[in-house]
Amino acid sequence: MNFFKQKKCDPEEVIKYQNSLAELDKIAKMLIKRDLALSDSKEKLTVEKGKVDAVINSLTDGLIMIDQGQRIILINPKAQSILNIEEEKIIGKALSELINFPQIKELYEILTKTAGHCREKQCELILKESVEKIFEMQTTLVVTEAQEIIGTLIILHDVTRERLINKIKSEFITIAAHQLRTPLTGIKWSLEMINTDEITKEEQKEFLDKAYQSNERMIRLVNSLLIVSHLEEGCFVYKFSKIQMEDLIQEIIENFKIQIKNKNIECIFDKPKILLPKIKVDLERIQMALENLIDNAIKYTPQKGKIIISLKESDNKIEVSIKDTGMGISKENQERLFTKFFRSAEALKIETSGSGLGLFIAKNIIEAHKGQIWVESEEGKGSEFHFSLPY
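Note that the structure is a prediction, hence the values are computed from the model and not measured.

Procedures and definitions
- Residues numbered from 1 in each chain as written.
- Predicted model: local features only at pLDDT ≥ 70, side-chain atom pairs only at ≥ 80, totals over all residues.
- Heavy atoms only, no water.
- Salt bridge = Lys/Arg side-chain N within 4 Å of Asp/Glu carboxyl O.
- Helix = DSSP H or I, 4+ residues; strand = E, 2+ residues; numbered from the N terminus.
- Buried < 20%, exposed > 50% of the residue type's maximum accessible area, 1.4 Å probe, protein only.
- Polar contact = N/O pair within 3.5 Å; in protein donor to acceptor, adjacent residues only side chain to side chain.
- Contact = heavy atoms within 4.5 Å.
- Axes fitted to C-alpha atoms, helices over the stretch in contact; angles between N-to-C directions.
- Parallel < 35°, antiparallel > 145°, perpendicular 65-115°, else oblique.
- Left-handed = near helix turned anticlockwise from the far one by under 90°.
- Nonpolar A, V, L, I, M, F, W, Y, C, P; charged D, E, K, R; others polar.
- Phe/Tyr/Trp six-rings, centres within 6.5 Å; stacked < 30°, edge-to-face > 60°.

Caption draft 1: Representation of the pattern of salt bridges in the model. Applying the stated criterion to the full structure yields nine salt bridges. Ionic pairing is found between Lys-210 and Glu-206, a salt bridge with its closest N-O pair at 3.7 Å. Within this pair, Lys-210 and its partner Glu-206 are both found in helix 7 (residues 201-233), separated by four residues, close to a single helical turn. For Glu-206, a relative accessible area of 42% puts it in the partly exposed group. A salt bridge links Arg-285 to Glu-284; the nearest nitrogen and oxygen atoms lie 3.6 Å apart. Assessed through its relative accessible area of 13%, Arg-285 is described here as buried.

Right, here's the structure in full:
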C-alpha cells in the first residue's frame, strides 16, 4: 500500500516532496561529478608534481630556491651533497641562521655581496674541504606573470675538472717551453758548427752526438709531459697481466748497463733465494716506474758509488727497494719529493737536466696498482726508495 495513502497526505504536499527529492538527486549527482573532476585534477597534479620532482632530483647541478626572506624553500639532492647538509635541517630556515655550516656561510656571503634586483648574476663559489671544489654559481630571480618577485633560484655547476684541465694545459705550455728551450738550443748550436767548413770529421761526429743526445732528452721530456697530462685527466689506461718481478728488474738493470759502467757504479741485485709468485700488474707502467727510480739512483750516485736493488715478499705483498750511496735528501725536501715538477737545489747542482716528473709519475703508477711508495734518506748518506704491490 502506498505510504502517502496510508498517511492521507495532501496531493500538493506529495508533489512538493517528490520535486524536492528530484532536486536533491540532481544536486547529489552534481556533487559526485564535481568530486570526480577534483579527484581527477588532484591525481593529474600529483603526477605532474612527481615528474617535476624527478627532474629536479635528477639534475647533475645543485639547485636551491630561497624566498624573499632568504629562507630555503627547495633544495635538490645534488645541492645537499655539494653543501654537505641534509634537507630536513635547512628547509624553511634563513641562510643567516645557517652560517655555522661552512659551505652555507660561503654561499650566504656571496649572495650578500651580490645583492640587488638584477634578473641574472653569475659568480664563482669555492668550497674548501679535503679537496678544493670550484662551482660556477648562477642566481636568477623567480618572477610571476604579474612581475612580482617571489624568490631566487641558485644553480651550482661544478667546474673543478674544467679548471684543473685548463691549469694542466697552462703548466704544460710553460714547462714545455722552458724545458725544451735548452735541448733545442743545443741542437741548433751543434748543427751550426757542423755546417761550417772549419771543423774536422771527428769534430763533426762529436757535434752530431751532442745533437742526438739533446734530441733524446727532448723526446723524453715530451713523453713525460704527455704521461702526466694523461694521468691527471684520468686517461691513463692500464692493462694487467701476470709477470715475474725478478725478470723485469734484471731486464731493466741490463738496459742501464752503459750508464752504470760509465760512472763505475757497483750495482747489486739482491734476489730472494726462492722465486716469488707472479704478480698481476701493467707491465709497461711498472717498468716505467722502476726505470724512473733506478735512473734517479744512477744520476745522483757519485762515481764509484753503489746501488743495491732488493726484492722481498711480506704480508701478501712484493716490496722493491732501490738503495744508493748518493747525496741523500733533506727532511724538508722529502715531503715535496713526489710532487709535480719538484727538484731540490742540491739535485740541480748534480744534474741540471730533468723535468721533476719522474717520481710524480712513479707514485701515480704505484698507487694505481693499490700499492705504496715511500723514501728513507739522510743528507750525505744516500737514499732508499721503497714501493710495495699487493698480490
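Caption draft 2: Fine view of the side chain of Gln-244. Mapped onto the elements of the fold, Gln-244 is located in the loop between strand 6 (241-243) and helix 8 (245-255). Polar contacts involving the side chain of Gln-244 include one to the side chain of Glu-246, which spans 2.9 Å. Setting aside its immediate chain neighbours within four residues, Gln-244 contacts Leu-275, Leu-276, Pro-277 and Lys-278.

Caption draft 3: The packing of helix 8 against helix 10 (residues 283-299), seen in detail. One way to put it is that helix 8 packs onto helix 10 with a least axis distance of 10 Å and a crossing angle of 50°. As judged from the angle between their axes, helix 8 and helix 10 are oblique. Once helix 8 is placed against helix 10, the crossing between them reads as right-handed. Contacts between helix 8 and helix 10 involve Met-245, Leu-248, Ile-249, Glu-251, Ile-252 and Asn-255 on the former and, on the latter, Leu-283, Ile-286, Gln-287, Leu-290, Glu-291 and Ile-294. Here the contact of helix 8 with helix 10 is built from residues that sort into eight nonpolar, two polar and two charged.

Caption draft 4: Representation of the packing of aromatic side chains. Under the defined criterion, the tally for this structure stands at three aromatic pairs. Plain terms: the ring middles of Phe-338 and Phe-385 are 6.3 Å apart, the flat faces sit at 85° to each other, and that makes the pair edge-to-face. Here the residue Phe-338 occupies a position in the loop between helix 11 (331-334) and helix 12 (345-350), and Phe-385 occupies one in strand 12 (residues 383-390), the gap between them amounting to 47 residues.

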